[in-house]
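These are the residues of each chain, in order.
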Amino acid sequence: MYWDEREETVEQARLQETQMEGLRETLRRAQGSSYYRDLFKDRRLQIDDIRKLADIEMLPLTTKDDLREHWPWGFVAVAREELIRMHSSSGTTGRATVIFHTANDIKAWTHLVARSMYMTGMRRGDVFQNMMTYGLFTGGLGFHYGAEEIGALVIPAGAGNSKRQIQLICDFGTTFIHIIPSYALYLSTVFDEMHVDPRKDTKLKAAFIGAEPHSEKMRRTIEDLYGFKAYNSYGLSEMNGPGVAFECPCQNGLHIWEDQFLVEIIDPLTGKPLADGQEGELVMTTLKREGMPLIRYRTKDLTRIIPGPCDCGRTHRRIERIKGRTDDMMIIKGVNIFPIQIEKRLMEIPGVGTNFLVLLDREGYDDYMNVQVEVKREFFTGDLKQLEKLRRRIVEELKSDILITPRVDLVAPDSLPKTEGKAVRVIDNRKD
Ligand code: AMP
Ligand code: ZN
C-alpha cells in the first residue's frame, strides 16, 4: 500500500524535526544564490535566528515577481555545472518563471511522484499513458519519471490528438492516464464518436487529474463517464511540478508531502499566518532542494489544511482541493467570483456540454458577465423552446450561486476555443 511506509506514516513530531533540519539546510543553501544572500544582508537576517519552525514568519515571503525580476539565474544556489534540468511555469501572463534542478533534485522529485502514484494503486505491470504536454511544462517529464520509477510501462503520448490517444488506450491496454480535467470531458465525447465505451472496451483503472482547478462535481462526472477513479494531483513548477500534493484512496483532501515542503496558509491580504482549517493562500518552502531553494514562496493558490488524521494512516497533512488562484478571482459589481463556482453549477445541469467561457465587459460604468456554454450534442437540435428553457435555467442557477445575473449564450458543441494545456475560462475585456 505504501511506496515507503516509514516515510508516509512517520509521526508528526518526527516529521517536524526533519522539517527543522531541512529548513536549516535550505537557509544555508539559499545563501548560495545572489537573491537570498542580498536579501538576508539587507534585512540583517541571521540563519541562527531561526530556531524553531514558527520562526519562519520572521523571513520575508518570496513572490513570482521576485522570480521574474531575478530571472534567470538570481535564485540559483549552486555552480552552473551542477544543474541538469530546466523547467518553466506555463504562465499565460508575463514572463514564465524558470526552475533549475540538480541530479539530486530530479531524484527527489521522481520519488515524490512515484510515491503519489503508488498510493493510488499504480504498480509495475501497469500501463501509464501521459496525456500532458512534454517539454518545459512539468506535467510531462515529472509524471514520466515517476511512473518509470514504479516500473510501469510508460506511453509518452503527450497532449492532444484525441483519436490517437484512444487508439493507444485500446491497443496497449492502458490502465492509468494523466489528463487535464477539462480535456477528460472533451475526450469522452471523442470516445462516443468512435463508438468506444471507456467503461467496457478499455482496461482503464484510474486517472490522475490536475493542473487546473476543478470541482468535486467535475471529478465525479469524469469518474462516471469513464467508470474509474480520478485522483486529484496538485503541483506547481516552482515546487518541482506534480508530486506536491496528491489524493490517497480516501479522496478526501490531498496529502501534501511535508518531508519535502514546509507548508503555511496565510491571509493573502495581510500576509499573516492562518490556523489549520482556515482558508487562505498556500505558501511553501522547499526543504531538500539544492539547485534553487525557495523560501516562503507564495503559490497564489487558495486552499486550507484539513484538520485531523486521514483514514489511510498517512501522517502528512491534507489540503483541500484548490478553490482557485488569488489572481483568478473576478470582481463584478463588488462580488467576488471564482471560475470554479461557475463550473460546479454548470456541471449539475443536464444538457450542458463540456466547455464554457466567461467574458467580462464594461458598458459605461457597468460591468457585466457573459457566460458562453456549450450544449450537449443531443440537446443541440432545432427545438428552440427546449434550448431557451435550458438557457434560463442556467441563468437562474448561476444567479443563485454568484448573486449577479449573468448573460448566458448557448453555443454549439465543440465550438469554443480549446487549448492543449490548461483551459482558459475567463476573458476580461474590461479596461481600467
Ligand atoms: P505550473 O507551474 O505552470 O505547472 O502551474 C501550477 C498551477 O496550476 C498551480 O499553482 C495551480 O494554480 C494550478 N494547479 C495545478 N494543479 C492543480 C490542481 N490539482 N487543482 C487546481 N489547480 C491546480
Ligand atoms: Zn489519506
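The paragraphs below set out a description of the structure included in this document. Note that this is a predicted model, so its numbers are computed, not measured.

Criteria and thresholds
Residues numbered from 1 in each chain as written. Chains lettered and ligands numbered in written order. Predicted model: local features only at pLDDT ≥ 70, side-chain atom pairs only at ≥ 80, totals over all residues. Heavy atoms only, no water. Helix = DSSP H or I, 4+ residues; strand = E, 2+ residues; numbered from the N terminus. Rg over C-alpha atoms; globule rule 2.2 N^0.38 Å. Contact = heavy atoms within 4.5 Å. Core = buried A, V, L, I, M, F, W, Y, C linked by side-chain atoms within 4.5 Å. Buried < 20%, exposed > 50% of the residue type's maximum accessible area, 1.4 Å probe, protein only. Axes fitted to C-alpha atoms, helices over the stretch in contact; angles between N-to-C directions. Parallel < 35°, antiparallel > 145°, perpendicular 65-115°, else oblique. Left-handed = near helix turned anticlockwise from the far one by under 90°. Nonpolar A, V, L, I, M, F, W, Y, C, P; charged D, E, K, R; others polar. 1 Å grid on protein atoms, 1.4 Å probe; cavity = no way out; pocket = protein on both sides within 12 Å on 5 of 7 lines; lining within 4 Å. Points joined across faces, edges and corners; volume = space filled by probe spheres on them. Donors = N, O, S within 2.8 Å, 3.2 Å for Na, K, Ca; no water. Tetrahedral: all angles 85-135°; square planar, octahedral: opposite > 155°, others 65-115°. Phe/Tyr/Trp six-rings, centres within 6.5 Å; stacked < 30°, edge-to-face > 60°. Polar contact = N/O pair within 3.5 Å; in protein donor to acceptor, adjacent residues only side chain to side chain.

### Notes on the overall build of the chain
Link 1 in the chain: When its secondary structure is counted, the chain shows eleven helices and 21 strands.
Link 2 in the chain: Over its C-alpha trace the chain gives a radius of gyration of 22 Å, about what one expects of a compact globule, namely 22 Å for 432 residues.
Link 3 in the chain: Overall, the C-alpha framework of the chain stretches about 70 × 60 × 40 Å when taken along its three principal axes.
Link 4 in the chain: For the chain, the share of sequence-separated contacts (at least 6 apart) that also reach a separation of at least 24 residues comes to 67%.

### Structural notes on the nonpolar core
Link 1 in the chain: Membership of the largest hydrophobic core comes to 64 residues, with the highest contact counts inside it found for Tyr36, Met117, Met122, Phe128, Phe208 and Tyr234.
Link 2 in the chain: Per element, the largest residue contribution to this core is eight residues, and it comes from helix 5 (residues 103–119).
Link 3 in the chain: Discounting residues that sit within four places of it in the chain, phenylalanine 128 has contacts with Met117, Met122, Phe143, Ala147, Ala152, Leu153, Val154, Ile155, Phe176, Ile177, His178 and Phe208.
Link 4 in the chain: Formed by 25 residues, the second largest nonpolar core is a distinct cluster that contains Leu185, Val196, Ala207 and Met347.

### Notes on the packing of helix 8 (residues 181–193) against helix 9 (residues 216–226)
Link 1 in the chain: Packing of helix 8 against helix 9 leaves a shortest axis separation of 10 Å and a crossing angle of 30°. Classed by the angle they form, the pair helix 8 and helix 9 counts as roughly parallel. Where helix 8 crosses over helix 9, the handedness of that crossing is left-handed. Here Pro181, Ser182, Ala184, Leu185, Leu187, Ser188 and Phe191 of helix 8 lie close against helix 9, whose contacting residues are Met218, Thr221, Ile222, Leu225 and Tyr226.
Link 2 in the chain: A class-by-class count of the residues in the contact of helix 8 with helix 9 yields nine nonpolar, three polar and no charged.

### What about empty space enclosed by the protein?
Link 1 in the chain: Applying the stated rule across the entire model yields four cavities of 30 Å³ or more.
Link 2 in the chain: The calculated volume of the largest cavity comes to roughly 80 Å³.
Link 3 in the chain: Surrounding the largest cavity, Asp105, Ala108, Trp109, Asn240, Gln260, Phe261, Thr286, Leu287, Lys288 and Arg289 form its lining.
Link 4 in the chain: Residue composition of the lining of the largest cavity, by class: four nonpolar, three polar and three charged.
Link 5 in the chain: Looking at the second largest cavity, its volume works out to about 70 Å³.
Link 6 in the chain: Surrounding the second largest cavity, Leu185, Met218, Glu343, Leu346, Met347, Val352, Gly353, Thr354, Asn355, Phe356 and Arg425 form its lining.
Link 7 in the chain: At the level of secondary structure, the elements contributing two or more residues to the lining of the second largest cavity comprise helix 10 (339–347) and strand 18 (352–363).
Link 8 in the chain: For the lining of the second largest cavity, the element with the highest residue contribution is strand 18, accounting for five residues.
Link 9 in the chain: Along the lines of polarity and charge, the residues of the lining of the second largest cavity split into six nonpolar, three polar and two charged.

### Describing the coordination of the zinc ion (ligand 2)
Octahedral metals with six donors have ideal donor angles of 90 or 180 degrees. Tetrahedral metals with four donors have an ideal donor angle of 109.5 degrees.
Link 1 in the chain: Each protein donor to the zinc ion (ligand 2) is listed here as Cys248 (SG), His255 (NE2), Cys310 (SG) and Cys312 (SG); together their distances run 2.1 to 2.3 Å.
Link 2 in the chain: One way to put it: the four donor atoms around the zinc ion (ligand 2) meet at angles of 101 to 117°, and that makes the site tetrahedral.

### Some points on the packing of aromatic side chains
Link 1 in the chain: This model, assessed by the stated rule, comprises 14 aromatic pairs.
Link 2 in the chain: Summarising the aromatic geometry, the rings of phenylalanine 128 and phenylalanine 143 are spaced 6.1 Å apart at their centres and angled 25° between planes, so their arrangement reads as stacked. A residue pair is termed long-range when its members are at least 10 positions apart, and phenylalanine 128 in strand 3 (residues 127–130) and phenylalanine 143 in helix 6 (residues 138–150) qualify at 15 residues.
Link 3 in the chain: When its relative accessible area of 0% is taken as the criterion, phenylalanine 128 is described as buried.
Link 4 in the chain: Overall, the relative accessible area of 1% leaves phenylalanine 143 in the buried class.
Link 5 in the chain: Pairing tyrosine 183 with tyrosine 186 gives two aromatic rings, centres 6.2 Å apart and planes at 35°, and the pair type is tilted. Taken together, the residues span about one helical turn, with tyrosine 183 and tyrosine 186 both in helix 8 at a distance of three residues.

### Considerations on the side chain of aspartate 126
Link 1 in the chain: Assignment of secondary structure puts aspartate 126 in the loop between helix 5 and strand 3.
Link 2 in the chain: In this structure the side chain of aspartate 126 is engaged in a polar contact, spanning 2.8 Å, whose partner is the backbone nitrogen of arginine 123.
Link 3 in the chain: Among the polar contacts listed, one links the side chain of aspartate 126 to the side chain of lysine 205, at a separation of 2.7 Å.
Link 4 in the chain: Beyond its immediate chain neighbours, meaning those up to four positions away, aspartate 126 contacts Gly121, Ala152, Leu153, Thr175, Phe176 and Lys205.

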